[in-house]
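The residues making up each chain are set out below.
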Amino acid sequence: MIAVCRLEDLPAGESVRLDTAPPVAVFNADGELFAIDDTCSHQDASLSEGWLEGCVVECPLHAASFDLRTGRPTCLPARRPVRTHQVYVEDGVIHVRLATAEEGSAA
Amino acid sequence: MRAVTVVGASLAGLYAARELRAQGFDGRLVVVGAEPHHPYDRPPLSKGFLTGDCAEPQLALSDAEEAAELDAEWILGARAHALDARGRTVVLDDGRTLASDGVVIATGAFARHLPGPALTGVHTLRTLDDARALRRALVHGPRRVVVIGGGFIGAETASSCVALGHDVTVVEAAQLPLAAQLGAEMAFVCAGLHARGGARLLTGAGVTALRGAGPTTLGGGAVTAVELSDGRLLPADVVVVGIGAAPNTGWLTGSPLALDDGVLCDDGCVTTLPQVVAVGDVARVGGDRAEHWTSATEQPRVAVRNLLARHTVETARPLPYFWSDQYGSRLQFAGRRGEGDTVRIVEGSPDALGGGGFLAVYERAGRTTAVLALDRARPFTKVRRALMAAAATDREAEREGEYMEDAARAS
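Cut-offs applied
- Residues numbered from 1 in each chain as written.
- Chains lettered and ligands numbered in written order.
- Predicted model: local features only at pLDDT ≥ 70, side-chain atom pairs only at ≥ 80, totals over all residues.
- Heavy atoms only, no water.
- UniProt positions renumbered as here; feature names shortened; annotations may be inferred.
- Helix = DSSP H or I, 4+ residues; strand = E, 2+ residues; numbered from the N terminus.
- Buried < 20%, exposed > 50% of the residue type's maximum accessible area, 1.4 Å probe, protein only.
- Pairing = 2+ DSSP bridges.
- Contact = heavy atoms within 4.5 Å.
- Buried area = accessible area lost by both parts, 1.4 Å probe.
- Salt bridge = Lys/Arg side-chain N within 4 Å of Asp/Glu carboxyl O.
- Polar contact = N/O pair within 3.5 Å; in protein donor to acceptor, adjacent residues only side chain to side chain.
- Domains from an automatic or database assignment.
- Nonpolar A, V, L, I, M, F, W, Y, C, P; charged D, E, K, R; others polar.
- Axes fitted to C-alpha atoms, helices over the stretch in contact; angles between N-to-C directions.
- Core = buried A, V, L, I, M, F, W, Y, C linked by side-chain atoms within 4.5 Å.

### Things to note about the UniProt feature "domain: Rieske" (unreviewed entry) in chain A
Here is step 1 of the chain: In this numbering, the UniProt entry assigns the feature "domain: Rieske" (unreviewed entry) to residues 2-96 of chain A.
Here is step 2 of the chain: With 0% helix and 43% strand, residues 2-96 of chain A has end C-alpha atoms that lie 5 Å from one another.

Printed below as a string of structure tokens:
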């Protein structure tokens, strides 16, 4: 369990990066919260800095896009999924439960 | 169209093959590559691959599953030698001929070399084999490395060499590296990355010769120093020559295609022969030849559409975009900067190169022409997107204008 921030500190359209190993990105996509591995599966770039549109985040380096619900790439150049993690809110605070290596992979 | 040959098996060639299948071409698809390798990504070669952070399998651009889907014949390790007058037969250097209804030229560019005899210890960095050789030269303890050329390849290679613990000097002939790409003001700022990262940068320094020692019968020997035009001698164990690339058009000499620092194409990547299109580093599209990763991935969609339609039905003028990783910082640039554009720092400060980076926009007559970011990916993407939208609106207006002119002429 990792406490991320208060719910009101992550407004819709925003994202935050957790310095876990590997780092995780938490998104507020129009009110729905998602967490995925932060590093693009194509090349080293932080998805938390990406362009969020609906449930899809576009990598800021090469425009690979990922579905936040599944972690699957929705277009090239990424070909491998990123792991997804569980997000929940408790007492107004966003929490992430990190997936184990076996879980969370959409592959 | 029953048979298409893609000449060039790198990024642009692979994307062209993908587009052919995605756009419904179900005929014979042959991809010819001069290198023995299946398509791989070049950007990491000067960065993670040199430092050891990125292993060779991670460079692969495709996998077995996709290869099966593409259903292409791969002829690797074979160089194209000629294209016949009608642009329908590709001749390989081993004498094989490939008959095609359509040809995609994606032969890329090759690294420029310095004149003079070949010396061991002197490298260029363009291909996987180049990168393997350079990496082998860098694993035996600290070396004195001289990088000739302060462009992106030079700067990234220098940065990787510093990370590996080598003593690095970058020699740049111009007064400022990257001035053509970034403009003098921002080029000056970014040149500071070398000093911050721990490399020496010598500017306005032309190279007259490479000095070597050892066997000379075959012109061999090992490099010992780089001689500069002002007489200075820089001792060197390893020299990396990063002085740019030239388009691979030699094999097209004698073909009817128009060549001028690249294969000349219209805005739709179509050459002077309608059944031949060109993409990537080798293509001069609408007057511009861009050696950018994004051009190589964006042009094939339009090129293939026009090839299958047998004439130009769609044009592409993607917004130029490139990035570079140097000394732990990420530089991103997008847009079309003009001489005399003013630069405005929108976020952060260029004085504190390492401290959080900065975002700069280039402006002309109240409009943003380009954007540069150092470690500011998020705001950069925002401005880049706005530039892309503005460019699309301009194109729309241009088309509208042409239509009005046509209508006026017709009436």
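### Observations concerning the pairing of strand 16 (residues 238-241) of chain B
The two faces of the sheet receive side chains in turn, since in a regular strand these alternate between them.
Residues and elements named next belong to chain B.
Here is step 1 of the chain: The side-chain alternation of strand 16 yields two buried faces, one formed by Val238 and Val240 and the other by Val239 and Val241.
Here is step 2 of the chain: Sheet topology places strand 10 (residues 144-148) next to strand 16; four bridges connect them, and they run parallel. Within strand 16, the position partnered with Val146 by the bridge is Val239.

### Some details on the interface of chain B and chain A
Here is step 1 of the chain: Taken residue by residue, the interface counts 19 residues in chain B and 17 residues in chain A.
Here is step 2 of the chain: When the area that chain B buries against chain A is broken down by residue, the three leading residues are Arg330, Arg378 and Arg385 of chain B, summing to 36%.
Here is step 3 of the chain: Our enumeration of links across chain B and chain A arrives at five salt bridges.
Here is step 4 of the chain: Residue Arg79 of chain A is joined to Asp63 of chain B by a salt bridge in which the shortest nitrogen-to-oxygen separation is 2.9 Å.
Here is step 5 of the chain: Taken together, chain B and chain A are joined by nine residue pairs in polar contact (both at pLDDT 80 or more).
Here is step 6 of the chain: Mapped onto the side of chain B that touches chain A, the elements with two or more residues apiece are helix 1 (11-22), strand 21 (321-326), strand 22 (329-335) and helix 9 (377-410) of chain B.
Here is step 7 of the chain: Take the side of chain B that touches chain A: its biggest share by element is five residues, from helix 9 of chain B.

### Structural notes on the side chain of Glu58 of chain A
Here is step 1 of the chain: Relative to the helices and strands, Glu58 of chain A resides in strand 6 (residues 56-58).
Here is step 2 of the chain: Among the polar contacts made by the side chain of Glu58 of chain A, one reaches the side chain of Arg385 of chain B at a distance of 2.5 Å.
Here is step 3 of the chain: Those residues in contact with Glu58 of chain A that lie beyond four places of it in its chain are Gly50, Trp51, Ala63, Ala64 and Ser65 of chain A together with Arg385 of chain B.

### Re the domain arrangement of chain B
Residue and element names in this part refer to chain B.
Here is step 1 of the chain: Segmenting chain B into domains produces domain 1 (3-110 + 245-309), domain 2 (113-241) and domain 3 (336-410).
Here is step 2 of the chain: For domain 1 and domain 2, the distance between their C-alpha centres works out to 30 Å.
Here is step 3 of the chain: Both faces combined, the contact of domain 1 with domain 2 buries some 1,500 Å², and carbon together with sulfur accounts for 58% of it.
Here is step 4 of the chain: Three residues stand out in domain 1 for area buried against domain 2, namely Ser46, Phe49 and Leu50, and they jointly supply 37% of the buried area on that side.
Here is step 5 of the chain: At the junction of domain 1 with domain 2, the criterion picks out three salt bridges.
Here is step 6 of the chain: The closest approach of N and O atoms between Lys47 and Glu156, which form a salt bridge, is 2.9 Å.
Here is step 7 of the chain: Applying the counting rule to domain 1 against domain 2 returns ten residue pairs in polar contact (both at pLDDT 80 or more).
Here is step 8 of the chain: Within the residue set of the side of domain 1 that touches domain 2, elements represented by two or more residues are helix 2 (48-51) and strand 8 (109-111).
Here is step 9 of the chain: With three residues, helix 2 is the single largest residue contributor to the side of domain 1 that touches domain 2.
Here is step 10 of the chain: Taken together, the residues of the side of domain 1 that touches domain 2 break down into ten nonpolar, four polar and five charged.

### Let's talk about the environment of His37 of chain B
All names here are of chain B.
Here is step 1 of the chain: Inspection of the secondary structure assignment puts His37 in the loop between strand 2 (28-33) and helix 2.
Here is step 2 of the chain: With near-sequence residues (within four places) excluded, His37 lies in contact with Leu76, Leu128, Asp129 and Arg132.
Here is step 3 of the chain: Of the polar contacts made by the side chain of His37, one reaches the side chain of Asp129; its length is 2.9 Å.

### Remarks on the sheet that holds strand 9 (residues 93-97) of chain A
All names here are of chain A.
Here is step 1 of the chain: With antiparallel pairing, the six strands of this open sheet are ordered in space as 1-9-8-4-3-2. With one partner strand each, in any of the chains shown, strand 1 (2-6) and strand 2 (15-18) form the two edges of the open sheet. Across the sheet, the axes of successive neighbouring strands diverge by a mean angle of 25°, strand direction being ignored.

### So, the pattern of salt bridges
All names here are of chain B.
Here is step 1 of the chain: Summed over the entire model, instances satisfying the criterion amount to 34 salt bridges over all chains.
Here is step 2 of the chain: With a shortest N-O distance of 2.9 Å, Arg28 and Glu73 are connected by a salt bridge. A residue pair is termed long-range when its members are at least 10 positions apart, and Arg28 in strand 2 and Glu73 in strand 3 (residues 73-76) qualify at 45 residues.
Here is step 3 of the chain: Between Asp230 and Arg232 there is a salt bridge, with its nearest N and O atoms 2.9 Å apart.

### Some thoughts on the nonpolar core
Residues and elements named next belong to chain B.
Here is step 1 of the chain: Val90 and Ile105 are the most contacted members of the largest nonpolar core, which totals 79 residues.
Here is step 2 of the chain: With seven residues, helix 1 is the largest single contributor of residues to this core.
Here is step 3 of the chain: Each of two domains, domain 1 (3-110 + 245-309) and domain 3 (336-410), supplies a minimum of three residues to this core.
Here is step 4 of the chain: Apart from residues lying up to four places away in sequence, Val90 is in contact with Thr5, Val7, Ala80, Ala82, Leu83, Arg96, Thr97, Leu98, Val103 and Trp251.

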